[in-house]
Amino acid sequence: MIEMDWIWGLIGGLTIGCGGAVYLLGNGRIMGASGIIGGLVDGSGRHEWVDRLAFLAALIIAPALVVYASGSVAQTNLTSNIFMVVLAGFLVGLGTRIGNGCTSGHGVCGISRLSPRGIVATLVYIAAGALVVVVLRAILGGL
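If you're wondering where the values come from, they're calculated on a predicted model, not measured in any experiment.

Cut-off values and rules
- Residues numbered from 1 in each chain as written.
- Predicted model: local features only at pLDDT ≥ 70, side-chain atom pairs only at ≥ 80, totals over all residues.
- Heavy atoms only, no water.
- Buried < 20%, exposed > 50% of the residue type's maximum accessible area, 1.4 Å probe, protein only.
- Helix = DSSP H or I, 4+ residues; strand = E, 2+ residues; numbered from the N terminus.
- Contact = heavy atoms within 4.5 Å.
- Disulfide = S-S within 2.5 Å.
- pLDDT = per-residue confidence, 0-100.

Among the residues of helix 2 (residues 33-42), those classed as buried are Ala33, Ser34, Ile36, Gly38 and Gly39. Looking at the buried positions of helix 2, the neighbouring elements they touch are helix 1 (6-27), helix 3 (49-70), helix 4 (82-98) and helix 5 (103-112). Positive phi appears at Gly43, one or two residues downstream of helix 2, with a value of about 85 degrees.

Here we come to the state of the cysteines. Summed over all chains, the structure comprises zero disulfides. Considering cysteine sulfurs only, Cys109 is the nearest to Cys18, which forms no disulfide, with 12 Å between them. Under the relative-accessibility criterion, Cys109 is labelled buried at 7%.

Our focus in this paragraph is the confidence of the model for the chain. Close inspection of predicted coordinates is inappropriate for parts of the model with low pLDDT. Counting all residues, the mean pLDDT for the chain is 81, and 93% of those residues have values of 70 or more. Of all the helices and strands in the chain, helix 5 carries the lowest mean pLDDT, 80, while helix 6 (residues 116-139) carries the highest, 87.

Below is the structure:
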């Protein structure tokens, strides 16, 4: 029997894609989470702070509703090494600043618009992520 864990990835991908389409159609802007949140943090998005806060609230509330509706939290393969978790979060934040965007901006919205910059950025962060996993597993024994 085939395990059905893949269905959660499919549902998540469809949800993010639909959210990106709704955000673009409703606001006329690309749904890049790092840019939306970054505008709140650095103050560059002051004129649309209500939209940005609503987006941030939805990022927190939507998963909470899924957990509430299903009655359980999906099991993840997250490491118990807190240093690795903090380092990963820092590197993701750094990467979104260096790459001028995140997976939702470049990967979901950029590729769907056939943006060369989005396609290249997506290929680079996927390759970099794979390299980091190989290094951490093979060389450092992490993960």
